[in-house]
Amino acid sequence: MKDISFTTEETYLRRHDERRTRERRGILSFAAGNEVYGIEILSIREIIKLREITEVPRAPRFLLGVVTVRGLVMPVVDLRIRLRLDSPPLGRNSRILVVMHKGERFGLLVDDVRGVVRFADNQIEPPPPSLAPSEAPFLAGIGRHPDGDKERMVILLSLDAVLDFAVAAAVRR
Amino acid sequence: MSIGGDGPSEKALQEFLSEAQEIVEQFNRDLLQLDEQRAAGSFDPEVINDAFRAVHSLKGLSGLFGVTRMSNLSHNLENLLDSLRLGRVELQPATLDLLFEAVALFNRIVAETAAGQSGDDGANLVEDLIARLDRVALRKEASPEASPWGGWELDASLLSVLTEYEEHRLRENIKNGRSLYRIHAAFDLMTIDKGLDELKGRLKPVGEVITYLPSAEAASDQQIELDVILGAQAELRAVQEAVVGTGAVVALLPRDKGAAGAVARPAPTVVPESKSEAQAAKKAEAPRRKSDGDDEELTLKSVAQTVRVDIRKLDNLMNIVGELGIARAGLIQILDRIKADRTQAKLARELHHELRSLSRRLDELQAGILEVRMVPLGQVFDKLSRVVRKISRDAGKEIRLSIAGADTELDKLIVEELSDPLMHVMRNCIDHGIEGPEVRRAAGKPEAGTISIRAEQRGNHVVIEIEDDGQGLDEQKLVRKAVERGLVGAHEAREMSRRDVQNLMFLPGVSTKDVADHMSGRGVGMDVVKTNIARLSGIIDVESEAGQGTRLTLTLPITLAIIQALIIRAAGRTFAVPLNSVLESLRVTQNDVRTIERREVMSLRGQTLPLARLEKLFRLERADLEGVPHKQFVVVVGLAQHRIGLLVDELHGQEDIVIKSLGRALSDVPGIAGATELGGKKTVLVLDVAQIVEEAVSSGGAEAA
């Protein structure tokens, strides 16, 4: 007699989990400074063109100010300054990535949006230890993917680290 | 834990919890009223009945939702209140304490249930409180005196039909030396409910309706005749006047002359008038139940004609109204363009007309939403009364709290945020302000200290004054402390005005009490209170007279949600200044600005007005080469007594704005209250005037931060 096994909730969930780990993570890759970075696509709400940013006094330099998107006011972080990169002048390709972080929206100013790449977990390496200590905390890993005969590299950012700043403490007397 | 296995829906549970919260708050108000009346000598039995009913509904509701801890507690509480109602147990301070403890525990259970916690330690607390409640409820009081009726000749037929509660009330009335009246009235069968209610309504101000019974006398088919038994301090004539026009006949019950004087002693009477309007409103709304609360059936219909709404939904509506306002501004611009075209005059007129009616409706909509957000300050004051009661007990001081203006309304968010700062103020008054009983007696003051809270609306602001009759601020000590801690220079300290000295109490680390006791040692000082009030765009001020007391004045805006703002430009940036803090604006030239000790000032009607430049305050660079224009504007801003002039380049008129938060990361930038969107997708920062004034005053104008 053939063994008929029913899917229990448990096995179903396990399979679902396996599928998810095998599934590739979608990463939005973009240029900032002269590097290519990536952020998990799931945390990105929308990508908007550059618009007038209202400067906020007493905020750190990387915090360019605030913009209103669909009625919501959000701070905009210049990712290039935040990551201590060169800041080429803003141009036609500059964009603001609207990301959701811990229930709040932030804008990230980047130089150019490249597109979505997918990585399986085994294609992502931990950040190399040789990095400059100033940059290291912002990095979540390095993703490599073949592109034709070349191999491309995307530096994955940790939003937690990039958006973890307490302005209040910095500016209070 | 619940009915039917899978439990009530999340939404239903939320509904239940907020209703429970409301009932607990009502219960708390009843208790406070009882406490007050008890202190005055005699209490209104209706209040105990109200408390009983509140707990009764709570019991029913919590049973329905399977919150066992709450239903057990209410059940036992109900027993105790029943005993109080029937006079089996006397209302003593210790008993009231237990009841207040129950309020705290109810609040805790509500909070824990809302957070989805079962709260195991809470269960022990419930058990413990129940045990103590039962002990009081079952306590046997002294048996009633031998001659219970105080010489009143009461029919055996009357006595035999009284319920236990009614009999108790009868005894109480006699004990308090009131006279008993029989009011005979005839009612039409069809309208007896209304008629009886009206009669009771008229009698309520003169005395207490103890019971009403069908009259022994014969009645016609269409009529019912009732005898109302009333206990009243008033004379026969006064009672007769009260019922004049109803056709009712009043008679004093017969009384054995000899015994009269012996029992009737003048008792301190409190005319039980409902203190708070809220209470009265609730009474009017609630279907009048027979005061005998033995009937177990609980109505499932909600009593109040209200809807509970998540405040975020209102915020959302407010945002939409804000966006509509922006759309309206856009339409007005289009209208202006059409007007410029002579050939389109008719179209322009029509559009103008339509726009005007749209504007009017939009304003109404906005006002309507704002109104919905308003809640009476009484909500916080009730909580305060409870806290004051507890703190004063702990501190061994007797405090009388008097509250006025509890019906003053403020935005819900502000009211919520006020409760913590106000609680600290109370704590401060009791710990530091009001002296111990011996000291007070020696100073010739009444032993009980008084804290009075007064709230009132003044234009766009609400002013809350908190005054105690304590020892006042020790100004020398304040100065010494501030100098010791390096908060002010010794030289500076000598030149300070009295006001400035008293305001030192708001600086961090300055406390007049040297030893931090267990209460004030909680690390929350008046500086935190001040910061919290400032966060609400409010300002706090102190006035104190040694030996006589201290008065704190809080000035708060009515709402933070939508405000009128003056749009200004300075150093190439646009800002919005909340109009409620703008006193006036005037045009000045550089010649009007003088410098005193490196501070810029100008004279305004003979007074010196300190000036502040936004670009200096915020360290903004001027992009334009020509620098500061020769002609500028001064926007005089201020809250309470502090005022300064903001030097700005241009004024751009008024707009209605919705203040939006800058998000958590930027929420604490000093001087900025938020941002708003003006027409043309432009985001503009809204100045926090209270903070800017504060900074300019404390740091001497421009060189702040």
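Caption draft 1: Structural view of the overall build of chain B. For chain B, the count of helices and strands is 22 helices and 22 strands. Here chain B, with 705 residues, has 33% of them falling under the buried criterion. Across chain B, contacts joining residues at least 24 apart in sequence account for 71% of those joining residues at least 6 apart.

Caption draft 2: Summary view of the overall build of chain A. For chain A, the count of helices and strands is 4 helices and 11 strands. Across the 173 residues of chain A, 27% fall into the buried class. If you take every contact in chain A between residues at least 6 apart in sequence, the share linking residues at least 24 apart comes to 56%.

Caption draft 3: Focus on the interface of chain A and chain B. If you look at the interface, chain A gives 22 residues, while chain B gives 25 residues. Those elements that place two or more of their residues in the side of chain A that touches chain B are strand E4 (63-69), strand E5 (72-78) and helix H4 (167-171) of chain A. Taken together, the residues that form the side of chain A that touches chain B break down as 12 nonpolar, 3 polar and 7 charged.

Caption draft 4: Quick peek at the sheet that holds strand E13 (residues 573-578) of chain B. All names here are of chain B. On the basis of which strands lie adjacent, the open sheet formed by 5 strands has the order E20-E12-E13-E22-E21 and mixed pairing. Each having just a single partner strand, strand E20 (650-658) and strand E21 (672-678) make up the two edges of the open sheet. Within the sheet, the average angular offset between the axes of one strand and its neighbour, ignoring direction, is 35°. Bridge analysis of E21 against strand E22 (residues 682-687) gives 6 bridges, and the strand direction is antiparallel. Across the sheet, Ile672 pairs through a bridge with Leu687, a residue of E22.

Caption draft 5: Inspection of unusual backbone geometry at higher detail. Its identity as a non-glycine residue notwithstanding, A:Arg58 has a phi of 65°, on the positive side. In this fold, A:Arg58 is placed in the loop between strand E3 (44-49) and E4. A:Arg58 sits in the buried class, given 20 other C-beta atoms within 10 Å. The phi angle at B:Arg605 is positive, at roughly 45°, despite the residue not being glycine.

Caption draft 6: Representation of the pairing of strand E8 (residues 449-458) of chain B in the model. Residues and elements named next belong to chain B. Examined bridge by bridge, strand E6 (residues 399-404) and E8 share 6 bridges and lie parallel to one another. Across the sheet, Leu401 pairs through a bridge with Ile451, a residue of E8. With 8 bridges connecting them, E8 and strand E9 (residues 461-468) associate as antiparallel partners. In the sheet register, Arg454 faces E9, and the bridge partner there is Glu465. Counted along the chain from E8 to the antiparallel partner E9, the turn is 2 residues long, and its residue Gly459 has a positive phi close to 60°.

Caption draft 7: Focus on the nonpolar core. A:Val56, A:Leu108, B:Phe575, B:Val577, B:Leu646, B:Val686 and B:Leu687 are the most contacted members of the largest nonpolar core, which has 116 residues in total. Examining the composition of this core, we find that 8 residues originate from one element, helix H15 (residues 412-433) of chain B, more than from any other. Each of two domains, domain 4 (377-473 + 512-557) and domain 5 (562-699) of chain B, supplies a minimum of three residues to this core. Not counting chain neighbours up to four residues away, the residues in contact with A:Val56 comprise A:Leu63, A:Gly65, A:Val66, B:Leu662, B:Leu666, B:Val669, B:Ile672 and B:Leu685. In this structure, B:Leu31, B:Ala51, B:Leu84 and B:Ala102 belong to the second largest nonpolar core, which totals 37 residues.

Caption draft 8: Seen up close, the environment of B:Ala51. Residues and elements named next belong to chain B. Checked against the element boundaries, Ala51 lands in helix H2 (residues 45-64). Separated by 27 residues in the primary sequence, Ala51 and Val24 place their C-alpha atoms 9.5 Å from one another. For Ala51, the residues in contact, after removing those within four places along its chain, are Phe27, Asp30, Leu31 and Leu81.

Caption draft 9: Representation of helix H17 (residues 475-484) of chain B. Residue and element names in this part refer to chain B. Among the residues of H17, those classed as buried are Leu478, Lys481 and Ala482. In a view along the axis of H17, the buried residues occupy a sector of 95°, so they form one face of it. Turned more than 90 degrees away from the buried face of H17, the exposed residues are Gln476 and Glu484. Where the residues of H17 are buried, they touch helix H18 (490-494) and helix H19 (498-502). Once H17 ends, the next one or two residues include Gly486, with phi positive near 70°.

Caption draft 10: Summary view of the confidence of the model for chain B. Residue and element names in this part refer to chain B. Mean pLDDT for chain B: 78, with 83% of residues reaching 70 or above. Averaged pLDDT values over the elements of chain B bottom out at 43 in helix H11 (residues 277-285) and peak at 92 in E13. Segment residues 1-6: pLDDT under 50, and 7 contacts once partners within four positions in sequence are set aside and those in other chains are kept. Confidence over residues 514-523 falls short of pLDDT 50; this stretch has 7 contacts with residues more than four positions distant or in other chains. In the predicted assembly, ipTM is 0.78 and pTM is 0.50.

Caption draft 11: Expanded view of the environment of B:Thr553. You can see B:Thr553 is positioned in strand E11 (residues 549-557). Residue classification places B:Thr553 among the partly exposed residues on the basis of 17 C-beta atoms within 10 Å.

Caption draft 12: Structural context of H15(B). In this model, H15(B) (22 residues) spans 30 Å end to end at C-alpha, consistent with the 32 Å of a helix rising 1.5 Å per residue. At B:Ser419, H15(B) shows its largest kink, close to 35°, and the proline B:Pro421 lies no more than four residues downstream.

Caption draft 13: Main features of the sheet that holds strand E8 (residues 112-119) of chain A. All names here are of chain A. Taken together, 6 strands build an open sheet; the order of strands is E8-E1-E2-E11-E10-E9 and the sheet is mixed. The two strands at the open ends of the sheet, each matched to only one other strand, are E8 and strand E9 (124-125). Examined bridge by bridge, strand E1 (residues 25-32) and E8 share 7 bridges and lie antiparallel to one another. Residue pairing for E8: Phe30 is matched across the bridge by Val113.

Caption draft 14: Representation of the environment of B:Glu164 in the model. Relative to the helices and strands, B:Glu164 is located in helix H7 (residues 164-175). Remark: the alpha-carbon pair of B:Glu164 and B:Arg88, spanning 76 residues in sequence, is separated by 9.9 Å.

Caption draft 15: Quick look at the packing of helix H1 (residues 10-40) of chain B against helix H14 (residues 378-395) of chain B. Residues and elements named next belong to chain B. Running from N to C, H1 and H14 cross one another at 55°; their axes reach a closest spacing of 10 Å. Considering the angle they form, H1 stands oblique to H14. In this structure, H1 crosses over H14, and the sense of that crossing is left-handed. Packed against H1, whose contacting residues are Glu25, Asn28, Arg29 and Leu32, the element H14 presents Asp382, Ser385 and Arg386 at the interface. For the contact of H1 with H14, a count of residues per class yields 1 nonpolar, 2 polar and 4 charged.

Caption draft 16: A look at the confidence of the model for chain A. Put simply, chain A has an average pLDDT of 80, and 79% of its residues get 70 or more. Counted against residues more than four places away or in other chains, residues 168-173 of chain A, with its pLDDT under 50, gives 8 contacts.

Criteria and thresholds
- Residues numbered from 1 in each chain as written.
- Chains lettered and ligands numbered in written order.
- Predicted model: local features only at pLDDT ≥ 70, side-chain atom pairs only at ≥ 80, totals over all residues.
- Helix = DSSP H or I, 4+ residues; strand = E, 2+ residues; numbered from the N terminus.
- Buried ≥ 20, exposed ≤ 12 C-beta atoms within 10 Å, placed from the backbone.
- Contact = placed C-beta atoms within 7 Å.
- Nonpolar A, V, L, I, M, F, W, Y, C, P; charged D, E, K, R; others polar.
- Pairing = 2+ DSSP bridges.
- Axes fitted to C-alpha atoms, helices over the stretch in contact; angles between N-to-C directions.
- Core = buried A, V, L, I, M, F, W, Y, C linked by C-beta atoms within 7 Å.
- Domains from an automatic or database assignment.
- Arc of directions from axis to C-beta.
- pLDDT = per-residue confidence, 0-100.
- Expected span 1.5 Å × (residues − 1).
- Bend = angle between axes of the 7 residues up to and from the residue.
- Parallel < 35°, antiparallel > 145°, perpendicular 65-115°, else oblique.
- Left-handed = near helix turned anticlockwise from the far one by under 90°.

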